[in-house]
Structures are given as structure tokens and as C-alpha cells.
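Secondary and tertiary structure notes
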Amino acid sequence: MSTTALGKKAPPAAAVAAAPVPRRPRRRRLGPGRPVPGGWAIGPALLLALWAAGTGLGVIDVRSLPAPWTVAGTAGDLIDNGKLPSHLATSAQRALLGLLFGVVGGLLLALVAGLSRIGEAVIDGPVQIKRAVPSLALIPLLILWFGIGETMKVVTIALGVFVPVYIHTHNGLRTIDSRYAELAETVRLGRLAFVRHVVLPGALPGFLLGMRFAVTAAWLALVVVEQVNATSGIGYMMELARTYGQTDVIIVGLVVYGLLGLLSDALVRLVERRALSWRRTLAG
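The structure contained in this document is the topic of the report that follows. What you are looking at is a predicted structure, and each value in this text was computed from that prediction instead of being measured.

Now for the overall build of the protein. Regarding its fold elements, the protein presents 11 helices and zero strands. Shown N-terminal to C-terminal, the secondary structure of the protein runs as helices and strands in the order α-α-α-α-α-α-α-α-α-α-α. In the protein, which comprises 284 residues, the proportion classed as buried is 33%. Across the protein, every contact between residues at least 6 apart in sequence was considered, and the portion connecting residues at least 24 apart equals 71%. Put simply, the protein shows about 18600 Å² of open surface, and 65% of that area lies on carbon and sulfur atoms.

Written out as C-alpha cells, the structure is:
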């Protein structure tokens, strides 16, 4: 039997093998954890459940807030008679036009201000002033300039959209690491190549964040402008229902606006995950 350097007997090999191995304490994950499948729908589902429970238990007065099944029945009737699809198509056209003009304008202004000190001096100040003035506060002035037709509605939506696109894209441009510009100068990249390979990828995270705010701003502006002398659209349908005291129709319009906002934000987030898949973030 083997002995140690101090003359004591060494423990048998079998005893050493059978000895329990101390476990290392498990490290706690500090991040939010794995994504929950369908997590985006959990919050709205809980709100719907609370709404249904409150109505069923009599906590919510159905004269002020009709039950979910009543609203669902009203929505079915509006779909059957073709009113809801027609108004929805008109609203979607206005929102998309305003979103298009606002995104293009905000992106172009951000590129000019972000790539030129002179451009920043000329553009950034007026945009910050516009940022402090709500777009809806400009409606009386826009009515005087453009009348009460479709042009005024689209311009109001575009004004609400271009500010978040400009702010976040401009911030993304200004936070690009200056070493990339130095590297581009070292390898003698031209202006267009610099914009394509350095500026646009660097500004993409900020632009997509601005898009999330922009789509929400588009629907918010649409709610208001469609109640200004409109003859079609979801907002017009809600205003007409207010005149006749049809609370269920008003709730249908609000649900449609909410779903449009939720789906458009989910679409932008999907594009963001695909376009920025190279980033390792807590979002997973």
C-alpha cells in the first residue's frame, strides 16, 4: 500500500473515486432569459380577459363599455355590410401616403444634417423647433394652407412621422465610430462608397428605432385628421357613431386602430431582427 510523503497511508483509489465531487454553484443569468413564444400577444390577451371578466361580473357598465362579444358582433355586422373594409382601406391609404412622405423626408434631412456640418447648422434647429410643436397643433394652419381635403390629412401625418425618423437616424449617424471614417479614408473609399458601406449600416439601428415611433405617430395623427370634415375612414365612422350614441361602433374603431398599431410595430421589429441579426443583444 502506498504512503504519502509524511508516512501516512494513502486512501484507496476506489474510495477516492466514490467520494462526492463538490458541485459548483450555478451562475444566475442576469439577462431577461429566452424569448417567450407569442409573448407579444400575452399583454393584449390579458387586457381582453380582464375586459370580459369585468363585463361578466357587472363591474363594467355595458352602457359605457360594451362587452367584447357585443363589439365582436358589431364588427361582424360592419364587415358583412362592407362599411368596415371600405373605411379601413381609406384609412390605410392615408396612413401609408403620410408614412411614405414622412420617412423619405426625415431620412433625407437626417443624411444631409448627419454628413455635413453646414447641413446640420441649417436643418437641425428648425427640426428641433418642429419637434417641440405638436403636429396636431398645426392643423388649423394646415387647413388654411391646404383646405380640408386629403392633402391636409396626408401632410399632417407626414409631419408627425418625419420628426422621429430624423431624430433617431441623425443620432445613429452621429454615433458612428470615427475610426470607421479614418479606415475609409485609409483605403481611399469614395463618397458614395463611404455612404453605402459605412454610413447606411451604421445609421440602420437608429433608423429602424425611428420607424417604430413613426408608425405609431402615423396612426395617432390619422385618428385626429379623419375627424376633420372627412367623409370616409375609421375616424369618420367613429365620429358618426358618436353622433348617434353607438358606443360599440366607437370601440370597434379603437380596436382596429390598436390592432393596426400593434401589427405595424411587429412588422418593423421583424425587419429589425432580420436586418440586425449580426448584433448580440439582450433581446435575443
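Turning our eyes to something else, we now look at helix α11 (residues 247–275). The end-to-end C-alpha distance of α11, which contains 29 residues, comes to 42 Å, matching closely the 42 Å that a straight helix rising 1.5 Å per residue would cover. Listed as buried for α11 are Val-249, Ile-251, Val-252, Gly-253, Val-256, Tyr-257, Ser-264, Asp-265, Val-268 and Glu-272. Packing partners of the buried residues in α11 comprise α2 (42–56), α3 (68–80), α4 (83–115), α9 (191–225) and α10 (234–243).

Now for the packing of α2 against α3. Contact geometry of α2 with α3 gives a least axis separation of 9 Å together with a crossing angle of 110°. By the angle between their directions, the pair α2 and α3 is classed as roughly perpendicular. Across the interface between the two elements, Leu-48, Trp-51, Ala-52, Thr-55 and Gly-56 of α2 pack against Pro-68, Trp-69 and Val-71 of α3. Looking at the contact of α2 with α3 residue by residue, the class counts come to six nonpolar, two polar and no charged.

Turning next to the pattern of salt bridges. Applying the stated rule across the entire model yields seven salt bridges. In this structure, the salt-bridge partner of Glu-120 is Arg-117, at a minimum N-O distance of 3.4 Å. Of this pair, Glu-120 and Arg-117 are both found in helix α5 (residues 117–132), three residues apart, which corresponds to roughly one turn of the helix. A relative accessible area of 63% places Arg-117 in the exposed class. Put simply, Glu-120 and Arg-174 hold a salt bridge, and the shortest N to O gap is 2.9 Å. Taken together, the positions of Glu-120 in helix α5 and Arg-174 in helix α7 (residues 150–174) put the pair 54 residues apart, joining distant regions of the chain. Among the ionic contacts, a cluster of salt bridges with common partners joins Arg-94, Glu-150 and Glu-226.

Before going further, it helps to spend a moment on the environment of Leu-65. In this structure, Leu-65 sits in the loop between α2 and α3. What makes Leu-65 partly exposed here is its relative accessible area of 28%. Placed 183 residues apart in sequence, Leu-65 and Asp-248 show a C-alpha to C-alpha distance of 7.6 Å.

Analysis parameters
- Residues numbered from 1 in each chain as written.
- Predicted model: local features only at pLDDT ≥ 70, side-chain atom pairs only at ≥ 80, totals over all residues.
- Heavy atoms only, no water.
- Helix = DSSP H or I, 4+ residues; strand = E, 2+ residues; numbered from the N terminus.
- Buried < 20%, exposed > 50% of the residue type's maximum accessible area, 1.4 Å probe, protein only.
- Contact = heavy atoms within 4.5 Å.
- Areas by Shrake-Rupley, 256 points an atom, 1.4 Å probe, with all protein chains shown as cover.
- Expected span 1.5 Å × (residues − 1).
- Axes fitted to C-alpha atoms, helices over the stretch in contact; angles between N-to-C directions.
- Parallel < 35°, antiparallel > 145°, perpendicular 65-115°, else oblique.
- Nonpolar A, V, L, I, M, F, W, Y, C, P; charged D, E, K, R; others polar.
- Salt bridge = Lys/Arg side-chain N within 4 Å of Asp/Glu carboxyl O.

This is a description of form; function is not addressed.
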